[in-house]
Each structure stands twice: as C-alpha cells, then as structure tokens.
Amino acid sequence: MAALTLETAGESHGPALTTLVRGMPAGLEIDLDLINGELKRRQGGYGRGGRQRIESDAVTFLAGVRRGRTTGAPVVMQIPNRDSRLDDLERTPPVYRPRPGHADLAGSVKWLTTDCRETLERASARETAARSAGGALARCLLREFGIEVFGFVRGMLDVQTGVAVDEANLPSLRAARDASEVYCPDPDASRAMIDRIRQAKVDKDTAGGWAEVHVFGCPIGLGSCVHFEEKLDGRLAGAVMSIQAFKAVEIGLGRACGARPGSQVHDPIAFDPAERSRPSLGFTRVTNHAGGLEGGMTNGMPVVVTGTMKPISTLLRGLPSVDLNSKQPEHSAYERSDVCALSAASVVMENVVAFEIARVFRTKFGGDSMPEVRAGYEAYLDLARRLPLEKPGEAPPMEAEQTER
Ligand code: EPS
C-alpha cells in the first residue's frame, strides 16, 4: 500500500488541469456524479466572473480506474480548460503592474521576470478544480465508511449565520445550502450576502468571508499525537491554508480559546452505552469546542474547521502599485476576475478537508483492496469496543465477548 497523496498540475489558461492521486485501494467504486457534481458546485456561487460561463468542468480518468472501479494503480484525472490561450500573446499580454494581495510581485521576483503573467497563470485558483476532484475521489472512499463531509458559507463582511450544524439536520441543511446562491443554508443571511456582493461590484471592490466544514462519522484515533507531521489538525490547517486567498484556519473554538479559562474550553467526557456501536464508541460530549480533534487525533466528535478567505485581490478599480520595469507608481492591472469566490472556496475547502481525512484513514487501516480496508476498519472498532483488553496489547477471545453482548 502506498500512502495516500494528491498532486495537481496545470496553468489557468493552459490546455488542461491534471490530478494525480496515489494510494487508493483497489476495488473502490467511483461515483462520477459525485466528483463532477462537486466540480459544478465549485464553478458556481453568486459573484463569480465570466470565466465560469466558458468552462464546464468534468473529469476524464486517464489511469487507475477500470470499469468504474479503482485498480490500485495511481489515479490520473484530467479537466480540460476551454479558455485555453496561454500561447496567444494578444489574449494573454504581459502584466507589469502587480496586484497587491496577489502572488504577482513575489512570484515575478522569484522567477526573475517583470512579467506577472508567468505567476498569475500558475498561482490562479483555477488549480482548485483539480484539487477538488482529488478530494471528491477521496469522498467516494469515506462514504463507504459512513463518513460525511459538509461545507458551507458561514459569513461575509458584517453578515454571519447562527445556523447550527449536526448530523441529524444534515439532509435539510444540505438542501438549504444547495438552494442558496451563496451556499449558505440560512435564507436571510444568503440574501444579505448577495446584497454585499452586489454592492462590492458597484464599488468596483471585492469580498471574502468565512467558510466552515464539518466531518461526521470519523472513528476515534485518526491522525497522530506522536508524529508531528501526522497530526490531523496540522494537516487540515495546512490543506485549508493552502487554498488560494485563505488567511486563517480555526479548529473548533479556534481563536476564541484564548479568551476563556480551561474550564470553559475543554469538552467534558461522558459515556452512553446506547451509542457504543457508533464510531465514537459511546464516548459523548455535550460541547465540541475542540472541533473533534484532541492531540492531533479524531476524538469521535464531528471535525469542525473554519477558514477565512480574504477578498479577491483583483479589484476593478485597482490599487496603488508600481510598474516592475520603470519602478514608477501605477495602479495595479485588472484581469478578468471574480467579485467574490467564497462560495466556490467553501466547496474547495470541503474537498481538501475530505482528502486529509481519507489520508489518515488510509494510514490507519492500510490494505491494498477494499475488502482489506474494510476488514482493518472493522477489526479496529471491534477491539476498541472490547476495551479494556485482558492483557495489555492482547485481544480477548471473540467468543467471550460475543456471549457477553
Ligand atoms: C482567477 C481569476 C479568474 C477566476 C479563476 C481564478 O479566472 P480568469 O482570469 O480566467 O477570468 O475565474 O478561477 C477559475 C478560473 C476557476 O475555475 O476557479 C484568479 O486570478 O485566481
């Protein structure tokens, strides 16, 4: 078994985007509708620009899938760019006036050029289509084990929804979110956000905000408390922070932890035998300030991650900058862009979070094929339910436990 990894490649106006996922077990059924559905959602959201009317994202599998199932070999997916014009100088002229907030300045110096075009094509959030495809593929695996991921827009500027998310109201929340043009399950907040985006457009300005992702059904113990690079909170923070334009990531209570004493932060532990058959093994909490993660591992509560997206750095009215050739003051260049891409970013976030959960899931349960993964998963939960084991490190005989039940 290879570790689950994700790589993407492709320029915004190149011929195609490519996704490479290694480490998927053989025999996983691919839900193409799920993957393409996520790509479609990522293209939408109120405030997107003209590019999305040109593109119609869908994946083609180039390797690793046969007759709708993974083979165990690396999976390669491709998403074509309809607006492919990288080599057309007239349509992609040089850009010498970097946009504050964009990768333009740092990237141009990095690649020793004064043409920001090189950077903007490489740094573009178009790449997130490829990353979302990888995450959606990972969701096909998670779903087999009852792990569900839900992302939405929590707020923008002065608008915040107080909507509560739990497993029981997931279907209705999903329906409400999917009926909202800004992917927020609260209709009043959605209307207010649309107003803010409209106003930003009138002002030739842009808007960001907050997206939130909840993961339900993770077994206790995914991640690590002994290998820093395997800590799930760290992996999630890295994955979310690496989405274009994200400036902050919080787990559970996040920043607010700093303003409370320990007694008002940590989630008291209880045990409910009626919940024993669930992946949380019967351990319950009334609060979930930890956002489902303690010591870098899942603790049986839903994983809750919030990401802050800054407003898009391409403003129609421009911002003070300099010409990289003359070093003289200039207004930053305008390139076709979005006024607000927060809704799309919430879809990306949902899928990158899913990928990180699938990654630690694969690490814990191993196996080369789906039956082996399933056996590993079930054996672990079975042992965990039998705790305390008779001798440390040893499982009690199956029969004894079965009669006890
Ligand atoms: C982006 C600018 C716009 C966005 C693009 C990200 O593209 P273009 O410059 O082609 O108009 O629409 O996002 C996508 C193309 C996408 O699929 O998400 C940028 O500057 O990052």
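For the structure itself, look to the data block above.
A brief structural summary. (Residues numbered from 1 in each chain as written. Predicted model: local features only at pLDDT ≥ 70, side-chain atom pairs only at ≥ 80, totals over all residues. Heavy atoms only, no water.)

## Observations regarding the site of the ligand
Alright, step 1. Taken together, H13, R42, R48, R51, Q52, H102, S124, A125, R126, R336 and D338 form the complete shell of residues around the ligand.
Alright, step 2. Contact between the ligand and A125: an oxygen atom at 3.1 Å from a main-chain N or O atom of the residue.
Alright, step 3. Measuring from an oxygen atom of the ligand, one finds a side-chain N or O atom of D338 at 3.3 Å.
Alright, step 4. Here the ligand, which alone exposes 460 Å², has 90% of that area covered by the protein.
Alright, step 5. Considered class by class, the residues forming the shell around the ligand number one nonpolar, four polar and six charged. (Near = heavy atom within 4 Å. Polar contact = N/O pair within 3.5 Å; in protein donor to acceptor, adjacent residues only side chain to side chain. Areas by Shrake-Rupley, 256 points an atom, 1.4 Å probe, with all protein chains shown as cover. Nonpolar A, V, L, I, M, F, W, Y, C, P; charged D, E, K, R; others polar.)

## Here we look at the packing of helix α1 (residues 32-43) against helix α9 (residues 342-365)
Alright, step 1. Axis separation between α1 and α9 bottoms out at 7 Å; the angle between their running directions is 145°. Mapping the contact onto sequence places E38, R41 and R42 in α1 and A344, V347, V348, E350 and N351 in α9.
Alright, step 2. The class makeup of the residues in the contact of α1 with α9 is three nonpolar, one polar and four charged. (Axes fitted to C-alpha atoms, helices over the stretch in contact; angles between N-to-C directions. Helix = DSSP H or I, 4+ residues; strand = E, 2+ residues; numbered from the N terminus. Contact = heavy atoms within 4.5 Å.)

## Some details on the sheet that holds strand β15 (residues 303-309)
Strand pairs in the sheet, formed through backbone hydrogen bonds, run parallel or antiparallel to each other.
Alright, step 1. If you trace the five strands from one edge of the open sheet to the other, you get β8-β7-β9-β15-β10, paired in antiparallel fashion. For this open sheet the edge positions go to β8 (159-160) and β10 (246-251), each flanked by a neighbour on one side alone.
Alright, step 2. The strands that helix α7 (residues 187-202) touches are β7 (148-156) and β8; relative to β7, the one it contacts most, it runs at about 55°. (Pairing = 2+ DSSP bridges.)

## Thoughts on α1
Alright, step 1. Between its first and last C-alpha atoms α1 spans 17 Å; for twelve residues at 1.5 Å apiece the expected length is 16 Å, and the two agree.
Alright, step 2. At the N-terminal end of α1, a side-chain oxygen is found 3.2 Å from the backbone nitrogen of D33, two or three residues along, and the residue is D31.
Alright, step 3. Taken from the residues just after α1, G45 is the one with a positive phi, measuring 100°. (Expected span 1.5 Å × (residues − 1).)

## What about the nonpolar core?
Alright, step 1. Among the nonpolar cores identified, the biggest contains 78 residues, and V215, M349, V353 and I357 are the most heavily contacted of them.
Alright, step 2. Per element, the largest residue contribution to this core is 14 residues, and it comes from α9.
Alright, step 3. If we ignore the near neighbours within four places in the chain, the residues touching I357 are L142, I147, V215, C218, L222, L232 and V303.
Alright, step 4. In terms of nonpolar packing, the next biggest core, distinct from the first, is built from seven residues, F152, V163, L170 and F216 among them. (Core = buried A, V, L, I, M, F, W, Y, C linked by side-chain atoms within 4.5 Å. Buried < 20%, exposed > 50% of the residue type's maximum accessible area, 1.4 Å probe, protein only.)

## Topic: the packing of aromatic side chains
Alright, step 1. Summed over the entire model, instances satisfying the criterion amount to eight aromatic pairs.
Alright, step 2. Arranged with centres 4.7 Å apart and planes meeting at 50°, the rings of F145 and F361 form a pair that is tilted. A residue pair is termed long-range when its members are at least 10 positions apart, and F145 in the loop between α5 (127-144) and β7 and F361 in helix α9 qualify at 216 residues. Considered together, F145 and F361 belong to a single accessibility category, that of buried residues.
Alright, step 3. Ring centres of F361 and F365 lie 4.8 Å apart, and the angle between their planes is 65°; this geometry places the pair in the edge-to-face category. (Phe/Tyr/Trp six-rings, centres within 6.5 Å; stacked < 30°, edge-to-face > 60°.)

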